[in-house]
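The lines below spell out each chain.
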Amino acid sequence: KNFHKCEGSIASLDRLLTMPSLKTVVITGRWAVYMTGKGTASESHERRRLFAEGDEAANRAAFEALLMTTIEKIRASGRHVVIIGPVPELGFHLPTEMTKAMMQGKPAEFTLPRKDFDERQKDVLPFFAKLDTLDGVEALYPHERLCDATQCRTTADGDALYIDDDHLSPTGAAFIAPLLKTSIGVK
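Attention here is on the structure that accompanies the text. (Residues numbered from 1 in each chain as written. Predicted model: local features only at pLDDT ≥ 70, side-chain atom pairs only at ≥ 80, totals over all residues. Heavy atoms only, no water.)

Observations regarding unusual backbone geometry
And step 1. Although it is not a glycine, Asp157 sits at a positive phi angle of roughly 55°.
And step 2. Here Asp157 falls in the exposed class, since its relative accessible area comes to 81%. (Buried < 20%, exposed > 50% of the residue type's maximum accessible area, 1.4 Å probe, protein only.)

The following block contains the structure:
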């Protein structure tokens, strides 16, 4: 009853898992939101917990259990699972900020401090590292392409890597595509 909006997705997954041609299932999400029940500091502070009751620890436990149940269902069908790890959440609408900067004659280069990403994902990354040890499960980490030791990039050759504050643009998706190609067997 708490996840009535997800029923269509669950039914779609069940249908997909009956297809013999399906070999790999890729899962992605805005993991820190699911795990903590909170958006970034610039977003509204409405609760986004999986359940109305409970605290952040209860939300985290519920998230981990639900994701594990989904992964086990996919693994039981004999498919390989690829989990796309967290993409750095900017906390600002990148195209808008780039446009403002260009209109003011300023450089349209923005970064996110790596420490902000690490803090936001402090519980997600260790959980994904555990998932990555399971047979038939592989975790991929977009931040390994988007970030260095001190910052996470938002542009490449002047092109926005995001369409908003947390969704990659086609350029951003192409930028991290090498991570995924090997996992899904694309050369």
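Read on for the rest.
Thoughts on the state of the cysteines
And step 1. Applying the stated criterion across every chain, the model contains 1 disulfide.
And step 2. Across the disulfide from Cys147 sits Cys152; the S-S distance is 2.1 Å. Taking the sign of the S-S torsion, 100° for the link of Cys147 and Cys152, the bridge is right-handed. In terms of burial, Cys147 and Cys152 fall into one category: buried. (Disulfide = S-S within 2.5 Å.)

Regarding the environment of Val33
And step 1. Checked against the element boundaries, Val33 lands in helix 2 (residues 31-36).
And step 2. For the pair formed by Val33 and Gln121, sequence separation is 88 residues and the distance between their alpha carbons is 9.7 Å. (Helix = DSSP H or I, 4+ residues; strand = E, 2+ residues; numbered from the N terminus.)

A closer look at the side chain of Arg120
And step 1. Examined against the element boundaries, Arg120 turns out to sit in helix 5 (residues 114-120).
And step 2. One polar contact links Arg120 to Glu89, side chain to side chain, over a distance of 2.6 Å.
And step 3. Ignoring sequence-local partners within four residues, the contact set of Arg120 consists of Arg30, Ala32, Val33, Thr36, Lys38, Gly39, Thr40 and Glu89. (Polar contact = N/O pair within 3.5 Å; in protein donor to acceptor, adjacent residues only side chain to side chain. Contact = heavy atoms within 4.5 Å.)

Structural notes on the packing of aromatic side chains
And step 1. As enumerated under the stated definition, the model contains 7 aromatic pairs in all.
And step 2. Judged by centre distance (5.9 Å) and plane angle (50°), the ring pair of Trp31 and Phe63 falls under tilted. On the criterion of sequence distance, the pair formed by Trp31 in helix 2 and Phe63 in helix 3 (residues 56-76) is long-range, its members being 32 residues apart.
And step 3. Residue Phe63 is classed as buried on the basis of its relative accessible area of 5%.
And step 4. Both rings, one in Tyr34 and one in Phe63, keep their centres 6.3 Å apart while their planes meet at 40°; by these two values the pair is tilted. Taken together, the positions of Tyr34 in helix 2 and Phe63 in helix 3 put the pair 29 residues apart, joining distant regions of the chain. (Phe/Tyr/Trp six-rings, centres within 6.5 Å; stacked < 30°, edge-to-face > 60°.)

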